Structure formats: C-alpha cells, structure tokens
Amino acid sequence: MNSDSDKIARLQTQLTRLQAITVAMGVGLAVVLVSGAARDPVQDEIKARRIALVDSRGVERVVLGEDSGRQHGRAAGVLIFDETGAERGGFGTFENGQASLALDAPEGVGAPMRDRLGLIVSRSGGAVVQLNNNDSGVPVRLVADPGGGGGVELIEFDHAEKKARIRRLSYGDDVRREVSIGG
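Owing to the predicted nature of the structure, the values given are computational and were not obtained by experimental measurement.

As a further point, take the overall build of the chain. Tallying secondary structure elements over the chain gives 1 helix and 11 strands in all. Mapped in sequence order, the helices and strands of the chain form the string α-β-β-β-β-β-β-β-β-β-β-β. Here the C-alpha atoms of the chain give a radius of gyration of 32 Å, more than 25% beyond the 16 Å that 2.2 N^0.38 yields for 183 residues. Reported as C-alpha extents along the three principal axes, the dimensions of the chain are approximately 110 × 35 × 25 Å. For the chain, with 183 residues in total, the buried portion stands at 20%. In the chain, the proportion of contacts linking residues at least 24 apart, taken out of those at least 6 apart, comes to 10%. Just so you have it, the chain exposes about 13,200 Å², and 58% of that area is on carbon and sulfur atoms. Positive and negative side-chain charges of the chain, numbering 23 and 25 respectively, have mean locations separated by a distance of 3 Å.

Moving on, we get to the pairing of strand S11 (residues 174-180). By the bridge criterion, 7 bridges tie strand S10 (residues 163-169) to S11 in an arrangement that is antiparallel. Paired with leucine 169 across the strands is aspartate 174, a residue of S11. The hairpin formed by S10 and S11 contains 4 residues between the paired strands.

Positive phi is not limited to glycine here, since lysine 162 has a value of about 55°. For lysine 162, a relative accessible area of 41% translates into the label partly exposed.

Another aspect to go through is the sheet that holds strand S6 (residues 115-121). Strand order in the open sheet made by the 11 strands is S1-S2-S3-S4-S5-S6-S7-S8-S9-S10-S11, with antiparallel pairing throughout. If you trace the sheet from one side to the other, it starts and ends with strand S1 (50-54) and S11, each paired once. Strand after strand, the sheet turns through a mean of 15° between neighbouring axes, direction not considered.

Moving on to a nonpolar patch on the surface. A cluster of nonpolar side chains, contributed by Phe91, Leu101, Leu119, Val129, Leu142, Val152, Leu154 and Leu169, occupies part of the molecular surface with about 580 Å² of accessible area. Mapped onto the secondary structure, leucine 154 falls in strand S9 (residues 150-158).

A word on the environment of valine 140. With respect to the element layout, valine 140 can be found in strand S8 (residues 140-144). Assessed through its relative accessible area of 24%, valine 140 is described here as partly exposed. Discounting chain neighbours no more than four positions away, the residues touching valine 140 are Val129, Gln130, Leu131, Val152, Glu153 and Leu154.

Here we take up the pattern of salt bridges. Pairing between side chains becomes possible if they bear opposite charge and their charged atoms approach one another. Counting across every chain of the model gives 15 salt bridges. Here arginine 61 ties to aspartate 55 by a salt bridge, and the two come within 3.5 Å at their closest N and O atoms. Note on arginine 61: relative accessible area 29%, which makes it partly exposed. For aspartate 55, a relative accessible area of 18% translates into the label buried. When the shortest N-O distance is used, the salt bridge between glutamate 156 and arginine 165 registers 2.9 Å.

A few words now on the side chain of glutamine 130. Relative to the assigned elements, glutamine 130 resides in strand S7 (residues 127-131). At a separation of 3.3 Å, a polar atom in the side chain of glutamine 130 contacts the side chain of asparagine 132.

Parameters and conventions
- Residues numbered from 1 in each chain as written.
- Predicted model: local features only at pLDDT ≥ 70, side-chain atom pairs only at ≥ 80, totals over all residues.
- Heavy atoms only, no water.
- Helix = DSSP H or I, 4+ residues; strand = E, 2+ residues; numbered from the N terminus.
- Rg over C-alpha atoms; globule rule 2.2 N^0.38 Å.
- Buried < 20%, exposed > 50% of the residue type's maximum accessible area, 1.4 Å probe, protein only.
- Contact = heavy atoms within 4.5 Å.
- Areas by Shrake-Rupley, 256 points an atom, 1.4 Å probe, with all protein chains shown as cover.
- Lys, Arg positive; Asp, Glu negative; His and termini not counted.
- Charge placed at Lys NZ, Arg CZ, Asp CG, Glu CD.
- Pairing = 2+ DSSP bridges.
- Axes fitted to C-alpha atoms, helices over the stretch in contact; angles between N-to-C directions.
- Patch = residues over 30% accessible without salt bridge, like charges linked within 9 Å, V, L, I, M, F, W, Y side chains within 5 Å.
- Salt bridge = Lys/Arg side-chain N within 4 Å of Asp/Glu carboxyl O.
- Polar contact = N/O pair within 3.5 Å; in protein donor to acceptor, adjacent residues only side chain to side chain.

Have a look at this one:
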C-alpha cells in the first residue's frame, strides 16, 4: 500500500514536470511572437485564384479573379457589384485578345443585357467607346480603326427588318451602310 509520503513524492515529480513544460511553452511562444513582430508585414507576392472584398454586411462588392462564363471567352479582371450584389461593371482581359472596361445599368433597368458604357480595345489594337441605351441598342460609338482612321458612328436599328443603318462621320468622309442584325 502506498503511503502518503509516496503519493506526495509522485505529485511533486508531476508538478516539476508540468512547471518545466509550462516554462518551455512560454519560451516557445515568446520566440514565435518576437520573430513574427520582426518580420516585414508587406509580402512581395500573394497568389490567389480569387480575391473578394465584402462590405460590412458580407455582400461581395469587388472581386479580382478569373471568370470562365464570359461572352468573349475566359476573362481575368475586376468585377464591381452594388449593395445588392448585382454586377455593375468591370475591367478585364479576354481569351480573344480583347480588353475592356464596362459599366452596367442597375438590375431591372431596361433590357436584360445591362451594359451601358464600354471601352474596348481589340486584339488588333482597334478601340471603341460604345454607349448603349436601355433597349440594348448602340445609338452612338467612337471608333479608332487598327489600320488608321476612324470616326463617330451613329446607328439606327430597324428591328422589324432585322437590320441596322450605320453612318460613320470622319474628318473627310460621311459613309453609310446597312448590316443585318440577329433576332
């Protein structure tokens, strides 16, 4: 049978071990804190597939990343959302070589395709500033052709005849043409 003095001796041994472990953990924690505080908080590089910035309610307002469901193929860029989480615009580069900046109408305003202002640079270097109305029509655009030239294009849509009449005004020309439109 164990005597009280044996039990006390075992408890003293256990207490000594616990004290040694506690001191070792304290020293380890101090080393981690000191080494962490000495490190530069600025990282040279951060790699991520997607970064989302949210507002105080948790609604995503800005997303940096890749989007494979775009009209011009896979895109990488920045999307901007309103307070409801609806997309209101973005900047991106696309698989087809295009780069664009687009601003959208609020959800529920006008046609389902909500693009209203587009700044577009094609793979070949041509550039367009395009204004869309609430019917998804493009009544006016500024065009810089990749080979030189360009102008202001005024566009009139005839949905009944499925065509658009385009008038391009430039310094030396006033050219009119018709094109078929889908629908």
